[in-house]
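Each chain, written out:
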Amino acid sequence: MMIRHGSLFRDSVRTSLSKVYARCLTAQTATAIRENEPMIRHDEYANIDWNNLGFGLRRIDYMYKAKCTSNNGFEPGQLSDYGNIELSPAAGVLNYGQGIFEGTKAVRGEDGRILLFRPDQNAIRMQIGAERMCMQSPSIEQFVYAVKQTTIANKRWIPPSGKGSLYIRPLLIGTGPILGLSPAHEYTFLVYASPVGNYFKDGTAPLNLYVNNEFHRTTRGGAGGVKSITNYAPVLKPLLRAKEQGFSDVVYLDSVHKKYIEEVSSCNIFLVKGDVIATPSTTGTILEGITRMSIIDIARDLGYKVEERLVAADELMEADEVFTTGTAVTVASVGSITYNDQRVEYKTGDGLVSQKLFKRLQGVQVGKIEDKYNWVVEVD
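This report concerns the structure included in the present document. Keep in mind it's a predicted model, so treat the numbers as computed, not measured.

## Quick notes on the side chain of Thr104
Point 1. Summarising the element assignment, Thr104 is placed in strand β4 (residues 104-108).
Point 2. Look past the residues within four positions of Thr104 in its chain and what remains in contact with it is Phe117, Asn122, Val147, Leu166, Tyr167, Ile168 and Thr327.

Shown next, in the form of structure tokens:
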């Protein structure tokens, strides 16, 4: 069977899966945890320094786990104490890289509510990625339920309003042992989390990016358009080299023409010129970020013209402003970019387009601005 991976296919899948998700929300999920339920701690807050979180892993209380075998749906999952998992040395994820992950956040609103941002879109993206990687995947209902349960169980680790967020990592891996090159026969769905602050070590300071024309993040026909674990190890070498030279991150070029920008290591990129915002189109080599989609909708609502197209690296030299988007980084302004030994600096400070977009997005996420998009999900 031929599997299509273009934007039209993704839109079709998103539409159909969103309808399923809407139906699922009308009924209580059947995966309620009844047996061996851990004793949830109800302290209001964990005892940590909320003013100095950074973006690192902290051992919290609980994680969610569910399994399935080939051609069977996932069993009802359950919470367990956060800890290590046991894997066969022949597990599909260890031998053939059968693994995909997602990232979403829970935040406290100023009114104390616990809010998630578009978790159904993470669920849909995991299903699209699982199809590409020949994996079984949880239903949208179970995915969202698992995220909610992990959030509730670790509520004391959600930072106070304005101090950060609980970064939630849903993870799907091939745990069944397999020797020959073939899909695994068993899959495990995990959800864990960690309280985090700013992604970049310099906080909200403008980024200093480097355009790398030696290494490529992905190629046409590959898995660059899904959140496969196999996409990330290859960028570590150019990323570490760039950081050793004082850069924040790397901008990657397409592998065919080697002149069109694609992504930064872990986020999407946008250029601003006048009232036009341009971003590379998602044609199979670029991850269709959920923050990216949200920013495009917000920008259009604010009157900006948004172009999703091929963006030549040379355009970076002429842009008024550049910024990046992602779940971890949210919206980060770029202070400078170096390309072919030429460095260009951009506007910084107040009045940036990226700041306007960020404030609108953040306002919706924390419940300060009316959510006309129905993006925010309150955790009961």
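## Details of the layout of surface pockets
Point 1. Volume-wise, the second largest pocket comes out at about 830 Å³.
Point 2. Taken together, 40 residues line the second largest pocket, and the ones lying closest to its centre are Phe101, Tyr167, Arg169, Tyr199 and Ser266.
Point 3. Considering each element in turn, the lining of the second largest pocket owes the most residues, four residues, to strand β7 (residues 186-196).
Point 4. In terms of residue class, the lining of the second largest pocket is built from 20 nonpolar, twelve polar and eight charged.

## Regarding the pairing of strand β16 (residues 342-345)
Point 1. Note: strand β15 (residues 330-339) against β16, four bridges, orientation antiparallel. Paired with Ile337 across the two strands is Val344, which belongs to β16.
Point 2. Between β15 and β16, which follow one another and run antiparallel, lie two residues, and Asn340 among them has a positive phi close to 50°.

## Quick look at the pairing of strand β5 (residues 114-117)
In the case of a regular strand, side chains alternate between the two sheet surfaces.
Point 1. Because side chains alternate across β5, one face comprises the buried residues Ile114 and Leu116, and the other comprises Leu115 and Phe117, equally buried.
Point 2. As paired strands, β4 and β5 are joined by three bridges and run antiparallel to one another. Bridging from a neighbouring strand, Val107 pairs with Leu115 of β5.
Point 3. Remark: five residues form the turn of the hairpin made by β4 and β5, two consecutive strands paired antiparallel; Gly112 in that turn has positive phi of roughly 90°.

## Describing empty space enclosed by the protein
Point 1. A complete count under the given rule lists two cavities of 30 Å³ or more for this structure.
Point 2. If you go around the second largest cavity, the residues you meet are Ile100, Phe101, Glu102, Arg125, Met126, Gly129, Val226 and Lys227.
Point 3. No other element matches the three residues that helix α3 (residues 119-132) contributes to the lining of the second largest cavity.
Point 4. When grouped by side-chain class, the residues that make up the lining of the second largest cavity number four nonpolar, one polar and three charged.

## Re the packing of α3 against helix α4 (residues 140-153)
Point 1. The geometry of α3 relative to α4 is characterised by a closest axis approach of 9 Å and an angle of 130° between their N-to-C directions. By the angle between their axes, α3 is oblique relative to α4. The interaxial crossing formed by α3 with α4 has right-handed handedness. In this structure, α3 uses Pro119, Asp120, Asn122, Ala123, Ile124, Met126 and Gln127 to contact α4, whose residues at the interface are Ile140, Phe143 and Val144.
Point 2. Here the contact of α3 with α4 is built from residues that sort into seven nonpolar, two polar and one charged.

## Digging into a nonpolar patch on the surface
Point 1. On the surface, a cluster of nonpolar side chains totalling about 230 Å² of accessible area is made up of Ile85, Leu87 and Leu94.
Point 2. Relative to the elements of secondary structure, Leu94 occurs in helix α2 (residues 92-96).
Point 3. The class of Leu94 is exposed, set by a relative accessible area of 52%.

Reading the values: rules and limits
- Residues numbered from 1 in each chain as written.
- Predicted model: local features only at pLDDT ≥ 70, side-chain atom pairs only at ≥ 80, totals over all residues.
- Heavy atoms only, no water.
- Helix = DSSP H or I, 4+ residues; strand = E, 2+ residues; numbered from the N terminus.
- Contact = heavy atoms within 4.5 Å.
- 1 Å grid on protein atoms, 1.4 Å probe; cavity = no way out; pocket = protein on both sides within 12 Å on 5 of 7 lines; lining within 4 Å.
- Points joined across faces, edges and corners; volume = space filled by probe spheres on them.
- Nonpolar A, V, L, I, M, F, W, Y, C, P; charged D, E, K, R; others polar.
- Pairing = 2+ DSSP bridges.
- Buried < 20%, exposed > 50% of the residue type's maximum accessible area, 1.4 Å probe, protein only.
- Axes fitted to C-alpha atoms, helices over the stretch in contact; angles between N-to-C directions.
- Parallel < 35°, antiparallel > 145°, perpendicular 65-115°, else oblique.
- Left-handed = near helix turned anticlockwise from the far one by under 90°.
- Patch = residues over 30% accessible without salt bridge, like charges linked within 9 Å, V, L, I, M, F, W, Y side chains within 5 Å.
- Areas by Shrake-Rupley, 256 points an atom, 1.4 Å probe, with all protein chains shown as cover.
- Salt bridge = Lys/Arg side-chain N within 4 Å of Asp/Glu carboxyl O.

Purely spatial values, then, with no claim about function.
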